[in-house]
Amino acid sequence: MHKLILKIFALLKNIVYFIKIVMMFFLLLHLLYWIQNLTNGHYLWLTFFKPVLEFFVSIGKCVSDGAIDAFGALFEYKYFIAVCIYVGLFYLCNLIIMLLEQLEDKYDDAHRFIKKTQEKIYNTEFKVTQENIEKKYIEYKIFVSAKLKKKFTHQELGFNLDEQMKIMQEFLTEKTGVYPVKYRNGFLYSFNNFNLVDGVLTVFFKLIKSNSPLDYFINVQIVEDGNSICMEELNQLIDLMHENKITMLSNTAYRYKFNVGHKYGTSQLGLFQKGKDMLEVHEFIEI
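Residues numbered from 1 in each chain as written. Predicted model: local features only at pLDDT ≥ 70, side-chain atom pairs only at ≥ 80, totals over all residues. Heavy atoms only, no water.

1. Points about the sheet that holds strand β8 (residues 264–274)
The strands making up a sheet associate through backbone hydrogen bonding, with each pair oriented either parallel or antiparallel. To keep things clear, this is the line we draw: Pairing between strands is defined by DSSP: at least two bridges between the two strands are required. The secondary structure listing takes helices from DSSP runs of H or I that are at least 4 residues long and strands from runs of E that are at least 2 residues long, numbered from the N terminus. Interaxial angles span 0 to 180 degrees and are taken between N-to-C directions of axes, which are lines fitted to C-alpha atoms, for helices over the stretch in contact. Whether two residues are in contact is decided by their heavy atoms: any pair within 4.5 Å suffices.
Strands sit in the order β4-β5-β3-β6-β7-β9-β8 across an open sheet of 7 strands; the sheet is mixed. Edge positions in the open sheet fall to β4 (181–183) and β8, since each of these has one partner strand only. Here the strands of the sheet are splayed against their neighbours by 30 degrees on average, with no regard to which way each runs. With 3 bridges connecting them, β4 and strand β5 (residues 186–191) associate as antiparallel partners. Within the sheet, the bridge partner assigned to Tyr183 lies in β5 and is Gly186. Packed on one face of the sheet, helix α6 (residues 227–240) meets β3 (140–148), β4, β5, β6 (214–222), β7 (246–249), β8 and β9 (277–286) and runs near 150 degrees to β6.

Okay, structure coming up:
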């Protein structure tokens, strides 16, 4: 509809431009017609245009039927008045074009305002809808595993990975109140309120920053499409093995944006090819 209205404005302006050209054309013909009458000549080709020319001359005659004798010729006012009518119509066309352009600008401004208002309303409604959808996802899982730091792997130092993992598990259970299940080479924690994830993240950041002899692999994933899909996504993260980072996929990072207040930020780690899939991996960062 908007494009149609703009085309109508363009058509109207083109019509008025055409009328301007016609007015100038008939003004030139009128001058020749006037010369013909002053010189008692006869231009045969003017006969075709005579009805239009006589129409404007008759209008001039209605205004004034006087004349003046000069240079041996009779100058009738009706011909001069007709010239003024042609010129007046020419400038009237200019005025109409200017008014059409102003009206088009007003319409275009109004259209942009309405469109912007509609987009704002749509974006607000979309944001609310999206927020309501995302806030339904509150269950999430955290997988944590570890390995001895290279400098602690020498047997004479007496560090045992299984013992250190047990100490880690007891610390996390005490701080989070959640008992994990053994999964792959680590522990899987299940939580039911992603809105409170910052408190849980604080515990895991303490783990990373501790003086423990371990390097940690920590992966967080929101449960969106059921536990099986969540575990598939979590396994993809686990296989990437990012040390001493709390990583997640893009959907978890996006869900975190809808939490009220953020103690932590998120940052993209990169895009990783996993089979036929491209994984967009993010990490939680302290701010």
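Structure's up, so let's keep going.
2. Topic: unusual backbone geometry
Applicable threshold: Here's how the labels work: a residue is buried when its accessible area is under 20% of the maximum for its type, exposed when over 50%, partly exposed in between, all with a 1.4 Å probe on protein chains only.
For Arg184, which is not a glycine, the phi torsion comes out positive at approximately 50 degrees. Among the secondary structure elements, Arg184 is positioned in the loop between β4 and β5. By relative accessible area, Arg184 is classed as partly exposed at 46%. Positioned with a positive phi, Asn244 is a non-glycine residue whose angle comes to about 50 degrees. If you trace the backbone, Asn244 turns up in the loop between α6 and β7.

3. What about the nonpolar core?
Put simply, the rule is: We call a set of buried residues a nonpolar core when its members are Ala, Val, Leu, Ile, Met, Phe, Trp, Tyr or Cys and they connect through side-chain atoms within 4.5 Å of each other.
Ranked by internal contacts, the top residues of the largest apolar core, which has 33 residues, are Tyr140, Val144, Met168, Ile246 and Phe284. Those elements that provide at least two residues to this core are β3, α4 (161–176), β5, α5 (197–209), β6, β7 and α7 (250–256). By residue number, the principal contributor to this core is α5, which donates 8 residues. Non-local contacts of Met168, meaning those with residues more than four positions away in its chain, are made with Val144, Ala146, Phe187, Leu207 and Tyr216. Counting 15 residues, the second largest nonpolar core, distinct from the first, contains Leu27, Tyr33, Trp34 and Phe49.

4. Details of the pattern of salt bridges
Note that side chains of opposite charge can pair when their charged atoms are close. Put simply, the test is: Criterion for a salt bridge: a side-chain nitrogen of Lys or Arg within 4 Å of a carboxyl oxygen of Asp or Glu.
On inspection of all chains with the given rule, the structure shows 7 salt bridges. Lys13 is paired through a salt bridge with Glu104; the nearest N and O atoms lie 2.8 Å apart. Taken together, the positions of Lys13 in helix α1 (residues 2–38) and Glu104 in helix α3 (residues 77–135) put the pair 91 residues apart, joining distant regions of the chain. Assessed through its relative accessible area of 16%, Lys13 is described here as buried. With a shortest N-O distance of 2.6 Å, Arg112 and Asp108 are connected by a salt bridge. Of this pair, Arg112 and Asp108 are both found in helix α3, 4 residues apart, which corresponds to roughly one turn of the helix. Each member of the salt-bridge network shares a partner with another, and the members are Asp108, Asp109 and Arg112.

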